[in-house]
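Fold and geometry: a report
What follows is each chain in one-letter form.
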Amino acid sequence: MQEDGSNRGTYGKLVCTNFKISFLDDDSASDDNEPQFKNKIVGENDITLQCVDQIYGVYDEKKKLLTGQLRKYPEKLIIYCKDLRVFNFCLRYTKEEEVKRIVSGIVHHSQTPKLLKRLFLFSYASAAPNNPDGRNQTVMFETLEDWRDELERTKGNVKYKAVTTNEGYRVSEKLPLYFVVPICISEESILKYEGRGIPIWCWSCHNGAALLKMSAFPKEQDDSTSQMQKAFLDGIYKTISKPPYELVKMDDLSSSLPSLQDIQTAYTRFKQLFLIDSSTDFWATDVKWFSLLESTNWLEIIRRVLKKAIEVAECLEIQHTNVLLIEETATDLCCVISSLVQVMMDSYSRTKSGFQSLIQKEWVIGGHCFLDRCNHLHKSEKEEAPVFLLLLNCVWQLVQQYPPAFEFTETYLTVLSDSLYVPIFSTFFFNSQHQRDTNKSGESLKTQSGPFRFLTVWDWSVQFDPKAQAFLNNPLYAEKPKPDRSQRKTARFKHQRQLSLPLTQAKPSTKRGFFREETDHLIKNILGKRIGKFINSSDEPPNSLREFYDSWHSKPVDYHGLLLPRIDGPEIKVWAQRYLRWIPEAQLHGGGTIATAAKILDLMEEVQSLQVKMDEERSQAVSGDVHSVPMLRNSARLSSLFPFALLQRQSVKPALPTSTWKDLEDEDDLVKRDDEFIDLSGDML
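A quick note: this is a predicted structure, and the numbers were derived from the prediction, not measured.

Quick word on the overall build of the protein
- From N to C terminus, the protein includes 24 helices and 15 strands.
- Within the protein, the proportion of its 685 residues that are buried is 56%.
- Partitioning the intrachain contacts of the protein with sequence separation of at least 6 by distance along the chain shows that 74% fall at a separation of at least 24.

Quick look at the sheet that holds strand S4 (residues 20-25)
- Taking strand neighbours across the sheet as the criterion, the three strands line up as S3-S4-S5 in an open arrangement whose pairing is antiparallel. Only two strands of the sheet have a single partner each, and these edge strands are strand S3 (12-16) and strand S5 (46-48). Strand-to-strand, the axes of this sheet are offset by a mean angle of 10°, without reference to chain direction.

Details of the sheet that holds strand S14 (residues 248-252)
- Read across the open sheet, the four strands follow the order S12-S13-S15-S14; overall the sheet is mixed. The sheet is open, and its two borders are formed by strand S12 (200-204) and S14, each paired with just one other strand. On average, each strand axis in the sheet is tilted by 20° relative to the strand beside it, whichever way the strands run.
- One ladder, built from five bridges, connects strand S13 (residues 210-215) with strand S15 (residues 322-327); its direction is parallel. Bridge pairing in S15 links Ser215 to Glu327.
- Helix H10 (residues 298-317) contacts S12, S13, S14 and S15 of the sheet and is inclined by roughly 145° relative to S15.

A look at the pairing of strand S6 (residues 52-59)
- With seven of eight residues buried, S6 lies mostly within the body of the structure.
- Pairing analysis gives four bridges linking S6 to strand S7 (residues 62-65), with the strands arranged antiparallel. Bridge assignment links Tyr56 to a residue of S7, and that residue is Leu65.
- The hairpin formed by S6 and S7 contains two residues between the paired strands, and Asp60 there has a positive phi angle of roughly 50°.

Observations concerning the packing of helix H12 (residues 352-364) against helix H15 (residues 410-418)
- Where H12 meets H15, the axes come as close as 13 Å, and the angle between the chain directions of the two elements is 30°. Overall, the two elements H12 and H15 adopt an arrangement that is roughly parallel. For the crossing formed where H12 meets H15, the hand is right-handed. Along the contact surface, H12 presents Lys352, Phe355 and Gln356, while H15 presents Tyr412, Leu413 and Leu416.
- Tallied by class, residues from the contact of H12 with H15 come to four nonpolar, one polar and one charged.

Some details on empty space enclosed by the protein
- Summed over the entire model, instances satisfying the criterion amount to four cavities of 30 Å³ or more.
- The space that makes up the largest cavity amounts to roughly 220 Å³.
- The wall of the largest cavity is formed by 17 residues, among which Tyr267, Arg373, Glu384, Pro386 and Tyr421 lie closest to the centre.
- Among the residues making up the lining of the largest cavity, the classes are represented as 10 nonpolar, two polar and five charged.
- Taken domain by domain, the lining of the largest cavity gets at least three of its residues from each of domain 1 (12-112) and domain 2 (144-278 + 285-443 + 451-471).

The rules behind these values
Residues numbered from 1 in each chain as written. Predicted model: local features only at pLDDT ≥ 70, side-chain atom pairs only at ≥ 80, totals over all residues. Heavy atoms only, no water. Helix = DSSP H or I, 4+ residues; strand = E, 2+ residues; numbered from the N terminus. Buried < 20%, exposed > 50% of the residue type's maximum accessible area, 1.4 Å probe, protein only. Contact = heavy atoms within 4.5 Å. Pairing = 2+ DSSP bridges. Axes fitted to C-alpha atoms, helices over the stretch in contact; angles between N-to-C directions. Parallel < 35°, antiparallel > 145°, perpendicular 65-115°, else oblique. Left-handed = near helix turned anticlockwise from the far one by under 90°. Nonpolar A, V, L, I, M, F, W, Y, C, P; charged D, E, K, R; others polar. 1 Å grid on protein atoms, 1.4 Å probe; cavity = no way out; pocket = protein on both sides within 12 Å on 5 of 7 lines; lining within 4 Å. Points joined across faces, edges and corners; volume = space filled by probe spheres on them. Domains from an automatic or database assignment.

So far we have only geometry, and geometry alone does not tell us how the molecule works.
Here is the structure:
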């Protein structure tokens, strides 16, 4: 295949299974010096079916989007992936019948709507090995005890309780089995409107203020229904307006943040900047790249979300007020803001196990519609929106601004974003806990009877060996020191999370109540009208947020306390590792952050070696574990986007033409084999 003015490419075989599209390179020579960062499930030339974004065919040098049945088959196939890889397959020298099978098979199985149980997730789960639990202390929040432990950890068990009202999903299929509400909320109130209009607890600050969320009532209601709902809300508010509950600030996120459609539109424009077909395209857009970047509005959305999280943090910490986030279902932007606030205010959420537990609590069990938002079934693009990816982008801003505060690295976040499209983990492939539970039970496909054995993405040993997992851990993490026993008596009444905060005096509340004096007006608004204007008309001075922001940034950072992201101007940056890792022209050979990381790892390797020698002398030698430091024998040959792109393999953009197609055989049970071939002309799982 001709690319960039020269005939350059790799010959091999292109195969498709019900799991992935794979290009099998004829040149299988291994590189002994290759660093040990390799995904055991998805290789560098593998594309899971859920990772396929769009497929184009080239006809007489013109690109055409391929969907459904094809009348004419292209001479070149271009596959754009959701992880921003671009594959070019030249079919010019392939037999016509083979081209038909290749193209029609790939288009059909990666682009057409499918049933949930036709995902490879179920095929794999029916034959998955019974491996020991490798969640690394991640709390799954699937039991009542998990919620009670979280309440105790955050000191929220004085005012809030974990309830079992939704056991058997008798309240709502959208709510988790167990969740937390104010102690004064009765079971009858929860049952009345399927959980709508009920403040649900997310997290408690050290001063007792809490972060809550609520799913709003539908906006289109008749008068009688609205009156009943108004009376219901009025009763709820009167019940929880009494002490010991703090003043509450409402925030309708549908008014104060971009809509899901705006987020999807911005990201669609943004990702086009990185889906580069050739070096010519890259340099053609390079001159106006910054103006194109600004026009996407993606970084502005990230800035607005981070600013909203700062506003919530100020209310909780400085004003000592509860914050109630409101959204139609409370499972999209509520998840983003509540997660960000906890990452900023709770150092436990900045550890790897704590962050994974946070994702489980707010997203997986909290009911984020991963199946619809990621469009895994290709049923409706209207429901698609990169909400979880938006969170990871915001967290990355904090990670790159305050590296010692996080136990995990940006590589961890990048790998986590890639795992959204790996259909052997159940974590990101259901819309709710109810959907997962109902599809987990019953008979598996042909191979067994009984529940499926779904894997969780938090067991990183499934994807990476111990040396590769070391790249997920931050070697410079400032681990929180354990308190001295002599200090425990004096500090026992203080919360376990000490915050680094501006010394701004909290304003005493003139009147206790859930919604202050605007209760009646707000009840009307929550029944169908937007409440953005009400939220902005607070009695705090308009510059209080700026004072809070500037005061915090004027003091030394406590990596175990509150973290406020820098959001002014160019402080919001592009997540280079994720978005530029497949573009060779954008790489710095032997430079970038990897140059610094390589030196740090070399020093740590030397320290570990000395430590082992000392232990051996004391007859206490210990073996290496998951956190051992990988060796980077020759950092000069690495690019700035290591560990995803190697210099020697990414010095030119890979072109992957294929000239042969193996005669595939029908297989009854795909999951029992390592990587089976499927007859694309027949029915597939």
